[in-house]
Amino acid sequence: MGYSDQRFNVNLSILFTELPLLERPAAAAKAGFGAVELWWPWVDAPTPEQSELDALKRAIEDAGVQLVGLNFYAGQLPGPDRGALSVPGEESEKFRANLSVAADFAQSLGCKALNALYGNRVDGVDPAVQDELALENLVLAAREADRIGAILLIEALNAPESPKCPIVSAPKAIEIVDKVNAATGLGNAKFLMDLYHLSMNGEDLPSVIERYAAKTGHVQIADNPGRGAPGTGSLPLEALLDQLRAAGYEGWVGLEYKAGDRPSGDAFGWLPAGN
């Protein structure tokens, strides 16, 4: 087993960001990858002009890469926001307006996984009110995902870097997954297991994998400390991915790490030749 047995894709919202958005798919292809994922690329526009959507679609198709994951609108990301769906008012409305746009874009490229980031707690708003709104919006998102034959991903972030986000542990994310599936009856809500975030929370990663691999729809990795490439920190990522594979996970592993002070194309030396 090992890295050579995994299916890796590149997150183009954290790697190759030294390039304009439309040049990143080709750069990923040149680096040897056949699949990519994206945060919602238009942080100020949940419903961008069709011409912008079409241009990105062409860039992905022309590069010959597959889009395997896409975030719904999540506010300023990167930036102070951690999602929009639990934030009352304008942000929630933007999230809802984005649902069909993101789903249609994903469908046009054969993307089968849509990630819905929960969002931060808002001062002066009852957490129970936010959680009720979040469930309403996640039910809508799950139905949109189901409309295009996709899964809805629920991701746990980490408390040190996202102190206002309430979804900062694997059990809490699984709780949300279960609530959404119970509310919709669709069963298409899944856990996005980001090993970097979980390690930042101090969670027991082998135990998390053992308990939740069956409910996991996507995996992301970065080393810790530093959120760099595998080998730059101390996480036993190869062994953890082997455990995931042995537990039955056969999906994509998203590379969501920082390249550091080098070009992104130089940040893949840890990969086996030919991967």
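Whatever comes next refers back to the structure up there.
In this text, all values refer to a predicted model and were calculated from it rather than measured experimentally.

K.L.:
Mind showing me how you'd approach the pattern of salt bridges here?
P.N.:
Close approach of charged atoms lets side chains of opposite charge pair. Scanning all chains against the criterion turns up eleven salt bridges. In this structure, Arg-96 and Glu-136 form a salt bridge, with 3.3 Å as the shortest nitrogen-oxygen distance. You can see Arg-96 sitting in helix 3 (residues 90–108) and its partner Glu-136 sitting in helix 4 (residues 127–147), a full 40 residues away along the chain. For Arg-96, a relative accessible area of 30% corresponds to the partly exposed category. The partner of Asp-104 in a salt bridge is Arg-147, and the shortest N-O contact between them spans 2.8 Å. Taken together, the residues span a long stretch of sequence, with Asp-104 in helix 3 and Arg-147 in helix 4 at a distance of 43 residues. For Arg-147, a relative accessible area of 41% gives the class partly exposed.

K.L.:
Just to check I follow, could you spell out the sheet that holds strand 5 (residues 151–155) for this structure?
P.N.:
Strand-to-strand pairing in sheets goes through backbone hydrogen bonds, with the strands running parallel or antiparallel. One closed barrel accounts for eight strands, arranged 1-2-3-4-5-6-7-8; its pairing is parallel. Strand after strand, the sheet turns through a mean of 30° between neighbouring axes, direction not considered. In the sheet, strand 1 (residues 7–11) pairs with strand 2 (residues 35–38) via two bridges, with the strands oriented parallel. The residue bridging Val-10 from the neighbouring strand is Val-36, located in strand 2. The strands touched by helix 4 are strand 4 (113–115) and strand 5; relative to strand 5, the strand with the most contacts, the crossing angle is about 140°.

Calculation rules
Residues numbered from 1 in each chain as written. Predicted model: local features only at pLDDT ≥ 70, side-chain atom pairs only at ≥ 80, totals over all residues. Heavy atoms only, no water. Salt bridge = Lys/Arg side-chain N within 4 Å of Asp/Glu carboxyl O. Helix = DSSP H or I, 4+ residues; strand = E, 2+ residues; numbered from the N terminus. Buried < 20%, exposed > 50% of the residue type's maximum accessible area, 1.4 Å probe, protein only. Pairing = 2+ DSSP bridges. Axes fitted to C-alpha atoms, helices over the stretch in contact; angles between N-to-C directions. Contact = heavy atoms within 4.5 Å.

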